[in-house]
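# Close look at the chain arrangement
What follows is the residue order along each chain.
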Amino acid sequence: MVQESHLTIRDLIYPVFVMEGSQTKEEIASMPGCYRYSLDLLLDEIAAAAELGIPAIALFPLIPYDQKDNAGTESYNPQGLVPRAIRAIKQAVPNIVVITDVALDPYSTEGHDGIVKDGQILNDETVAVLVKQALSQAEAGADLVAPSDMMDGRVGAIRAALDAEGWINVGILAYSAKYASAYYGPFRDALDSAPKFGDKKTYQMDFANGREALKEVALDITEGADMVMVKPALAYMDVIHRIRQHTNLPVVAYNVSGEYAMVKAAAQQGWIDEQKIVLETLTGLKRAGADLILTYFAKDVAHWLKG
């Protein structure tokens, strides 16, 4: 009766990995229990998630190396892996919300979220490509596009382009407070998207900064974001709480791959109770102020909450 925070299945967004091929399912070594799926098998996985009541998936592609270049041109190929996947998902599981990643790192030979020239990330040139990527995803049927690149001005440019092309009902989930974090390692294994040089500190946030997150969120809201995200989640509950007090927009937390991997590793050693730890962690994110949570535990949590 007096419990203040409640975790429900409707709070969950399930991140999934798609790759080329057929009848293929590859476990990600650093993320036990998570897989890359060829599209035919991914449809079964998404249908199972929808059957459990999970309302949304976030789609991430493993792009063959021969389709990568510094400009990320494959990212806006209308016949590319992601647009084909969106169309197939919408046909097979029409009621699930499809959220697509807008960033160049899966498509880049350099492994960065932007176009690289002389060791520098080109902001404005990258934004122009991100706009094309978002438009191709909207055309394929994405419900929400989610720019995760952290380039300046990209939310406004994407919103203007979507509106100009008539995609007024496609929303933007902005990775507003995305930190340059060591928690992303397993995800980069999953997509073979680790930076080929340096790091991402020139465009992602300093993990020591909290007030800066409010500035980033305010900019994205002004530019037209419909939801704002904090990534990672577990070490940034204070940031989630600050942003919750700062805006009435939905606040999303990403329970990222490194957080998932640490729980899995400790549980496999018998050092923790996986179910109890996961439910406590995700409820803590709700307590901090998150409305929605991306988590690789989504299907497990749905089973647990159903009892």
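Okay, so let's go over this structure.

## Structural notes on the packing of aromatic side chains
Inspection of every chain in the model, using the stated rule, returns 10 aromatic pairs. Judged by centre distance (6.0 Å) and plane angle (10 degrees), the ring pair of Phe 17 and Tyr 296 falls under stacked. Of this pair, Phe 17 sits in strand 1 (residues 12-19) while Tyr 296 sits in the loop between strand 12 (292-295) and helix 10 (298-306), and the two are 279 residues apart along the sequence. Among the residues examined, Phe 17 registers a relative accessible area of 2% and is labelled buried. When the centroid spacing of 6.5 Å and the interplanar angle of 40 degrees are considered together, the rings of Phe 60 and Tyr 254 count as tilted. In this pair, Phe 60 is assigned in strand 4 (residues 56-62) and Tyr 254 in strand 11 (residues 251-255), connecting sequence segments 194 residues apart. Owing to a relative accessible area of 2%, Phe 60 belongs among the buried residues under this scheme.

## Side note on the pattern of salt bridges
Following the criterion strictly, the structure yields 13 salt bridges and no others. Ionic pairing is found between Lys 90 and Asp 143, a salt bridge with its closest N-O pair at 2.6 Å. Taken together, the residues Lys 90 in helix 2 (residues 81-92) and Asp 143 in the loop between helix 3 (123-140) and strand 8 (144-147) connect sequence positions 53 residues apart. Here Lys 200 makes a salt bridge to Asp 105, at a shortest N to O gap of 3.5 Å.

## Considerations on the environment of Ala 267
Inspection of the secondary structure assignment puts Ala 267 in helix 8 (residues 257-268). Note: C-alpha distance between Ala 267 and Arg 287 (20 residues apart in sequence) is 24 Å. With residues near it in sequence (within four places) discarded, Ala 267 still touches Ile 272 and Glu 274.

## Side note on the side chain of Glu 45
Structurally, Glu 45 is set in helix 1 (residues 39-51). Looking at Glu 45, the relative accessible area reads 11%, which means it is buried.

## Let's talk about the packing of helix 7 (residues 237-246) against helix 9 (residues 274-288)
Interhelical geometry of helix 7 versus helix 9 gives an angle of 35 degrees and a closest axis separation of 8 Å. Along its contact with helix 7, which presents Met 237, Ile 240, His 241 and Arg 244, the element helix 9 presents Thr 281, Gly 284, Leu 285, Arg 287 and Ala 288. Counted by class, the contact of helix 7 with helix 9 contains four nonpolar, three polar and two charged residues.

## Let's talk about the layout of surface pockets
For the largest pocket, the calculated volume is near 280 Å³. For the largest pocket, the lining is made up of 20 residues, of which Asn 123, Met 150, Met 151, Asp 152 and Tyr 203 are closest to its centre. Here the element with the most residues in the lining of the largest pocket is helix 6 (residues 211-223); it accounts for six residues. Considering only residue class, the lining of the largest pocket consists of seven nonpolar, four polar and nine charged. By volume, the second largest pocket is sized at about 190 Å³. Looking at the second largest pocket, it is lined by 15 residues, and the ones nearest its centre are Tyr 14, Gly 33, Cys 34, Glu 45 and Tyr 296. Those elements that place two or more of their residues in the lining of the second largest pocket are strand 1, strand 3 (35-38), helix 8 and helix 10. Looking at the lining of the second largest pocket element by element, the count peaks at four residues for strand 1. Partitioned by chemical class, the residues of the lining of the second largest pocket number 10 nonpolar, one polar and four charged.

## Focus on the pairing of strand 10 (residues 227-231)
Summarising burial for strand 10: five of the five residues are buried, a large majority. Both faces of strand 10 are covered, namely the face carrying Met 227, Met 229 and Lys 231 and the face carrying Val 228 and Val 230. The pairing of strand 9 (residues 171-178) with strand 10 spans four bridges and is classified as parallel. The residue of strand 10 that forms the bridge with Ala 177 is Val 230. Pairing analysis gives three bridges linking strand 10 to strand 11, with the strands arranged parallel. The partner of Val 230 across the bridge, within strand 11, is Ala 253. Remark: the strand 10/helix 7/strand 11 crossover connection has right-handed handedness.

Rules of the game
- Residues numbered from 1 in each chain as written.
- Predicted model: local features only at pLDDT ≥ 70, side-chain atom pairs only at ≥ 80, totals over all residues.
- Heavy atoms only, no water.
- Phe/Tyr/Trp six-rings, centres within 6.5 Å; stacked < 30°, edge-to-face > 60°.
- Helix = DSSP H or I, 4+ residues; strand = E, 2+ residues; numbered from the N terminus.
- Buried < 20%, exposed > 50% of the residue type's maximum accessible area, 1.4 Å probe, protein only.
- Salt bridge = Lys/Arg side-chain N within 4 Å of Asp/Glu carboxyl O.
- Contact = heavy atoms within 4.5 Å.
- Axes fitted to C-alpha atoms, helices over the stretch in contact; angles between N-to-C directions.
- Nonpolar A, V, L, I, M, F, W, Y, C, P; charged D, E, K, R; others polar.
- 1 Å grid on protein atoms, 1.4 Å probe; cavity = no way out; pocket = protein on both sides within 12 Å on 5 of 7 lines; lining within 4 Å.
- Points joined across faces, edges and corners; volume = space filled by probe spheres on them.
- Pairing = 2+ DSSP bridges.
- Right-handed = clockwise from strand over helix to strand, strands pointing away.

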